[in-house]
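The lines below spell out each chain.
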Amino acid sequence: EDEDTISKLPNSYPYGNLSVDDLVQRLAQAGLTDARVEELPGVCIITLENEDVIIKISDASTHIICSNTKLREKLRDILLECLSSF
Amino acid sequence: LIMKNNNLRIVGVNEAWGDLGVTAHNLRFTERIEVDETGPVPALTSALHTLLSQKLGSSQVQAVNEFQLSVADSVFINIQDDEPGKTILLSWTHQDEGLGSKLLDIIKSNYKKS
């Protein structure tokens, strides 16, 4: 058992709301230009069809669904740039 | 660690949110892992349960139902039938990044898609 090697602590605690426009702009800067934005009551869904990615954004939470670890880490870093954190 | 009115205090993360007057932004990730398993879903759920219990300790892994497991009460694993194979959906929060990526490595190295 190597339970002890698991770090439960994240390196940042993001807070506040996410600006969808800001996120879409940063995605485009990172070469992800095919973002399709759907505004629904209480939730905004961004689909990156070519990369098989769905990003669900509501007031205090964001959920990234994808099939590629490298891309997920890239999306996470872009998201964290859009949020304040300590 | 919070400094307020020239006093330093150590508080838990959840308490700190209240003191700072901000709302935490909850980040959740779900990765889809396609695997070649052709048997029934409950068989894969059970095999994963055994594998993860061996790697992490059996107290960490719970079967929620025949197609869902939870790890340390915070990471969720769903198994979907996706003929001809299966898709494993691994879901965790930013706070559990260490555990989430470790589980991802374990699952990927044991269930490679050819």
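All of the points below concern the structure found in this document. Since this is a predicted model, take the numbers as computed values, not measurements.

1. A few points about the sheet that holds strand β7 (residues 85-93) of chain B
Read across the sheet, nine strands follow the order β2(A)-β3(A)-β4(A)-β5(A)-β3(B)-β7(B)-β6(B)-β5(B)-β4(B) without closing on themselves; strand pairing throughout is mixed. The sheet is open, and its two borders are formed by β2 (35-40) of chain A together with β4 (61-65) of chain B, each paired with just one other strand. Strand after strand, the sheet turns through a mean of 20° between neighbouring axes, direction not considered. Pairing between strand β6 (residues 75-82) of chain B and β7(B): seven bridges, direction antiparallel. Note that in β7(B) the partner of Asp82(B) across the bridge is Gly85(B). Across the sheet, helix α2 (residues 69-82) of chain A touches β3 (43-48), β4 (53-58) and β5 (61-66) of chain A together with β3 (26-35) and β7 of chain B, and the angle it forms with β3(B) is around 170°.

2. A few points about the pairing of β5(A)
Direction of pairing for β4(A) relative to β5(A): antiparallel, over a ladder of five bridges. When the sheet's bridge partners are listed, Ile57(A) is paired in β5(A) with Thr62(A). Hairpin connection, β4(A) to β5(A): the antiparallel pair is bridged by two residues. Pairing of β5(A) with β3(B), which is carried by six bridges, proceeds in the parallel orientation. By the bridge assignment for β3(B), Ile65(A) is matched with Thr30(B).

Definitions and cut-offs
Residues numbered from 1 in each chain as written. Chains lettered and ligands numbered in written order. Predicted model: local features only at pLDDT ≥ 70, side-chain atom pairs only at ≥ 80, totals over all residues. Heavy atoms only, no water. Pairing = 2+ DSSP bridges. Helix = DSSP H or I, 4+ residues; strand = E, 2+ residues; numbered from the N terminus. Axes fitted to C-alpha atoms, helices over the stretch in contact; angles between N-to-C directions. Contact = heavy atoms within 4.5 Å.

So yeah, pure geometry; function would need other evidence.
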